[in-house]
Amino acid sequence: MNQLLIDLKDKLNPIVELIKDKNDVFYFDYPLHLNVGDLLIYHGTEQFFKDHHINVTLKRCEYDLDLEEVKAKITPNTTILLHGGGNFGDLYPQHQKIREEMVTHFPNNRIIVLPQTAYFKHEENLQKSAALFRNHSDCHLLARDERTENLFAQFSNHVYLSPDMAHQLYGTMETKQGTTGEQLYFLRKDIEKSHIESEIQATLSDLNNVKDWDDLLLASDMKFELWCSRFSVLANKFNLGFVKDKINDVWYRHSMGVITRCQNIFLNYDNIITSRLHGHIFACLLGIPNEVCDNSYGKNSGYYNQWTKDISFAKLYEHKS
């Protein structure tokens, strides 16, 4: 066991103290999608609930979250937890909208935004969102890096630095044994990619070991995600709470299978160069040497410098020109 990784897991413990009643907790915006980084955060969060005996009485994703259902079930003591990650801001408006609705409609309940990296492309979006959050006197924001911590100061007086929820998984997974001589280039392809991904690929003669999360998924995963999301929308339309709960159960099990498959693929490599924050965190959890390079707005280097720079087998990627 790596003491630095144990310490990072322990740094999540103060979140428990923020929860008013461990038997009266709602958890919203769990990821019913196939971004495996988000699934690692999700399963880390669920592991956190399990390890700290937190009884979450309502879990909803973006497709089946209904404000009227929440209003009917909430008590004055309910703590609302909002899924962590890197989607706080205006790059992913559907998730920001959920957070803004919560602070607007539940001004008297404690709200905790689990560890996030925030980024706003447009200043007016930042100001508009900050004004909504500022109206809520009991909103607690957890920041994954100092830049986000400084930005969150515009949103709330209750701001804390915290590592990612995926660290709660440390000790629950297999770790790297033996060597294969293989190196994985785990590089993003989406809106957060930077020039670095192209530069790295330009130096490679063989692109077989260049992958992103999508390359580790199966057609059956896509079908299952589609099935779950469609049924979630229908369950929401007809107010079928028990169906929403069942979808949460089956998605949790399926997504655990996705994580296990990705884990087994990662363990085939001796070194991972990645521009995915959770490529880096996952490799650390699995004890695989890794180099992390930045995304488009500095999320990865910010996280590395804040939390993981002292891990002996992890380092910042330096481009060899």
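Please refer to the structure higher up on the page.
First things first, this report covers the structure right here in the doc. None of these values were measured; they are calculated from a predicted model.

In this section: the overall build of the protein chain. Regarding its fold elements, the protein chain presents 12 helices and 12 strands. For 321 residues, the compact-globule estimate of 2.2 N^0.38 gives 20 Å, and the protein chain sits close to it at 19 Å. Expressed as lengths along the three principal axes of its C-alpha atoms, the size of the protein chain is roughly 60 × 40 × 35 Å. In the protein chain, buried positions account for 57% of the 321 residues. Taking the intrachain contacts of the protein chain between residues at least 6 apart in sequence as the baseline, contacts between residues at least 24 apart amount to 77%. Carbon and sulfur atoms form 51% of the exposed surface of the protein chain, whose accessible area is close to 13800 Å². In the protein chain, which carries 34 positive and 43 negative side-chain charges, the distance between the mean positions of the two groups comes to 4 Å.

Moving on, we come to the side chain of Asp-221. Mapped onto the elements, Asp-221 comes out in helix α9 (residues 219-237). At 2.7 Å, the side chain of Asp-221 forms a polar contact with the side chain of Arg-261.

Before going further, it helps to examine the nonpolar core. Membership of the largest hydrophobic core comes to 60 residues, with the highest contact counts inside it found for Trp-213, Phe-266 and Phe-282. Residues in contact with Trp-213, not counting those within four places in the same chain, are Asn-35, Val-36, Gly-37, Leu-40, Phe-186, Cys-262, Phe-266, Arg-276, His-278, Gly-279 and Phe-282. Counting residues in each nonpolar core, the second largest holds 27 residues, with Leu-58, Leu-65, Val-113 and Cys-139 among its members.

What follows deals with the environment of Lys-73. As for its placement among the helices and strands, Lys-73 is situated in helix α4 (residues 67-73). Lys-73 gets classed as partly exposed once you look at its relative accessible area, which sits at 42%. Linking Lys-73 and Ala-202, residues 129 residues apart in sequence, is a C-alpha distance of 55 Å. Here Lys-73 is in contact with Phe-26, Leu-58 and Arg-60, once residues within four sequence places are set aside.

A few words on the layout of surface pockets. Looking at the largest pocket, its volume works out to about 540 Å³. In this structure, the largest pocket is lined by 28 residues; those nearest its centre are His-33, Asn-35, Asp-38, Asp-190 and Arg-276. Looking at the lining of the largest pocket, the elements with two or more residues in it are α3 (36-51), β4 (85-89), α5 (93-105) and α11 (277-285). Per-class residue counts for the lining of the largest pocket are seven nonpolar, nine polar and 12 charged.

Once that is clear, we can look at the environment of Ile-15. Its location among the elements puts Ile-15 in helix α2 (residues 14-18). Each C-alpha atom of the pair Ile-15 and His-140 lies 9.8 Å from the other, and the pair is 125 residues apart in sequence. With residues near it in sequence (within four places) discarded, Ile-15 still touches Phe-48, Leu-114, Pro-115, Leu-142, Ser-162 and Met-165.

The next subject is the pairing of strand β7 (residues 158-161). Both strand β6 (residues 139-143) and β7 contribute to a ladder of four bridges, which runs parallel. Bridging from a neighbouring strand, His-140 pairs with His-158 of β7. Between the parallel pair β6 and β7, the chain is carried across by helix α7 (residues 146-152), and the sense of this crossover is right-handed.

A few words now on the sheet that holds strand β8 (residues 183-186). Strand order across the open sheet formed by five strands is β9-β8-β10-β11-β12, with parallel pairing between neighbours. Each of the sheet's edge strands pairs with one partner strand only, and the pair in question is β9 (210-211) and β12 (314-316). With two bridges joining them, β8 and β9 adopt parallel strand pairing. By the bridge assignment for β9, Phe-186 is matched with Lys-211.

Cut-offs used in this document
- Residues numbered from 1 in each chain as written.
- Predicted model: local features only at pLDDT ≥ 70, side-chain atom pairs only at ≥ 80, totals over all residues.
- Heavy atoms only, no water.
- Helix = DSSP H or I, 4+ residues; strand = E, 2+ residues; numbered from the N terminus.
- Rg over C-alpha atoms; globule rule 2.2 N^0.38 Å.
- Buried < 20%, exposed > 50% of the residue type's maximum accessible area, 1.4 Å probe, protein only.
- Contact = heavy atoms within 4.5 Å.
- Areas by Shrake-Rupley, 256 points an atom, 1.4 Å probe, with all protein chains shown as cover.
- Lys, Arg positive; Asp, Glu negative; His and termini not counted.
- Charge placed at Lys NZ, Arg CZ, Asp CG, Glu CD.
- Polar contact = N/O pair within 3.5 Å; in protein donor to acceptor, adjacent residues only side chain to side chain.
- Core = buried A, V, L, I, M, F, W, Y, C linked by side-chain atoms within 4.5 Å.
- 1 Å grid on protein atoms, 1.4 Å probe; cavity = no way out; pocket = protein on both sides within 12 Å on 5 of 7 lines; lining within 4 Å.
- Points joined across faces, edges and corners; volume = space filled by probe spheres on them.
- Nonpolar A, V, L, I, M, F, W, Y, C, P; charged D, E, K, R; others polar.
- Pairing = 2+ DSSP bridges.
- Right-handed = clockwise from strand over helix to strand, strands pointing away.

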